[in-house]
Amino acid sequence: MTLHAEASSTNALAAADPVVDTLIVADHQTAGRGRLDRTWETPPGTALTFSAVVDPDLADHDWPLLPLAVALAVADGLGTAAAVPVAVKWPNDLLIDGAKVAGILLERVGSDRPLAVIGIGINVGLAAEDLPVPTATSLRIAGAAVDRTAVFAAVVPALSAILTALRADPGAVLERYRSECDTVGREVEAQLPDGERLVGTASAVDRHGRLVVAGRAIGAGDVVHVRPA
Ligand code: BTN
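Residues numbered from 1 in each chain as written. Predicted model: local features only at pLDDT ≥ 70, side-chain atom pairs only at ≥ 80, totals over all residues. Heavy atoms only, no water.

1. What to know about the site of the ligand
By nearness alone, 20 residues border the ligand, and Ser9, Gln29, Arg33, Arg35 and Lys100 come closest of all. One of the side-chain N or O atoms of serine 9 is found 2.7 Å from an oxygen atom in the ligand. Take arginine 35: an N or O atom from its main chain is 2.7 Å from an oxygen atom of the ligand. With the chains in place, 98% of the 410 Å² that the ligand exposes on its own is no longer accessible. When contributions to the shell around the ligand are tallied by element, the ones reaching two or more residues are helix H1 (10-16), strand E3 (47-54), strand E6 (99-109) and strand E7 (115-123). (Near = heavy atom within 4 Å. Polar contact = N/O pair within 3.5 Å; in protein donor to acceptor, adjacent residues only side chain to side chain. Areas by Shrake-Rupley, 256 points an atom, 1.4 Å probe, with all protein chains shown as cover. Helix = DSSP H or I, 4+ residues; strand = E, 2+ residues; numbered from the N terminus.)

2. Brief notes about helix H4 (residues 170-180)
Buried within H4 are the following residues: Pro170, Val173, Leu174 and Tyr177. Angular distribution of buried residues about the axis of H4 spans 100°; they occupy a single face of the element. If you follow the buried residues of H4, they end up packed against helix H2 (66-82), strand E4 (87-89), helix H3 (148-168) and strand E9 (197-205). (Buried < 20%, exposed > 50% of the residue type's maximum accessible area, 1.4 Å probe, protein only. Arc of directions from axis to C-beta. Contact = heavy atoms within 4.5 Å.)

3. Digging into the packing of H2 against H3
At a minimum axis separation of 8 Å, H2 and H3 run at an interaxial angle of 140°. The angle between H2 and H3 places the two elements in the oblique class. Relative to H3, the crossing made by H2 is right-handed. On H3, the residues that touch Leu66, Ala69, Val70, Leu72, Ala73, Val74, Asp76, Gly77, Leu78, Thr80 and Ala81 of H2 are Ala150, Val151, Ala154, Val155, Ala158, Leu159, Ile162, Leu163 and Leu166. Of the residues contributing to the contact of H2 with H3, the split by class is 17 nonpolar, two polar and one charged. (Axes fitted to C-alpha atoms, helices over the stretch in contact; angles between N-to-C directions. Parallel < 35°, antiparallel > 145°, perpendicular 65-115°, else oblique. Left-handed = near helix turned anticlockwise from the far one by under 90°. Nonpolar A, V, L, I, M, F, W, Y, C, P; charged D, E, K, R; others polar.)

4. Considering the packing of aromatic side chains
Geometrically, a pair of aromatic rings is defined through the distance of the ring centres and the angle of the planes. All told, the structure shown has one aromatic pair when counted by the stated rule. Relative to phenylalanine 152, the ring of phenylalanine 50 has its centre 5.1 Å away and its plane inclined at 90°; by these criteria the two rings are edge-to-face. Here phenylalanine 50 is found in strand E3, whereas its partner phenylalanine 152 is found in helix H3, with 102 residues between them in sequence. Of the two residues examined, phenylalanine 50 and phenylalanine 152, each falls in the buried class. The ring centre of tryptophan 63 lies 4.3 Å from the NZ or CZ of arginine 108, which sits over that ring. (Phe/Tyr/Trp six-rings, centres within 6.5 Å; stacked < 30°, edge-to-face > 60°. Lys NZ or Arg CZ within 6 Å of the ring centre and 35° of its normal.)

5. Remarks on unusual backbone geometry
What you tend to see is this: most non-glycine residues have negative phi, and most peptide bonds are trans. For the bond running from tryptophan 90 to proline 91, omega is -5°, close enough to zero to count as cis. Along the chain, proline 91 falls in the loop between E4 and strand E5 (93-96). One non-glycine residue, leucine 36, lies in the positive phi region at around 55°. Phi is positive for aspartate 37, close to 60°, though the residue is something other than glycine.

Take a look at the structure:
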């Protein structure tokens, strides 16, 4: 494990020199990356930000399940360390009372044998005035435990466990995701990468990890929960 007092982005460092089974942790990131080319900003000392480099050892068609599986692992870890109910919003946002407490950025690197850089950002000790956006929250705001080391110590083994489960039985992990994903059954608004907006009921997560909204399977995009269906 490498711990940086300050780094641009742990995902960027991991992707620049990917070594299997290493963890890169930053006390603070100056150029944190989010999904969909967004940034991920947190004030120094308040968030748990780290990346793991793993060899998922999955068939190509099971790779899309990896980001979903990691969300289950982060939910498990937060449940253990912070004893707070965490919901999974498709594909891999973690919510407390509908507000985002953690995000995951998965990047595929390497050419001969693909590796995954799994970047995890968890808002641990942010106060309300620190929140980058009003739709975010933190463990502290939720009244939960706020020790970053304890959260890290719970999330890392949960990540390792879900990777083992995914290699052994991808279908079983997908079934678990389907039953736990809070998006399924909700009315949602999806912003697709090409700018199209799709509104409708999220009825399922398909075999490829895509969310089925109004009968269309979407593989990437920003989804907002509108209300329970
Ligand atoms: C998202 O929800 O948009 C994903 C956020 C992922 C943030 C984490 S923080 C650690 C790792 N390094 C990065 O630059 N991003 C991820």
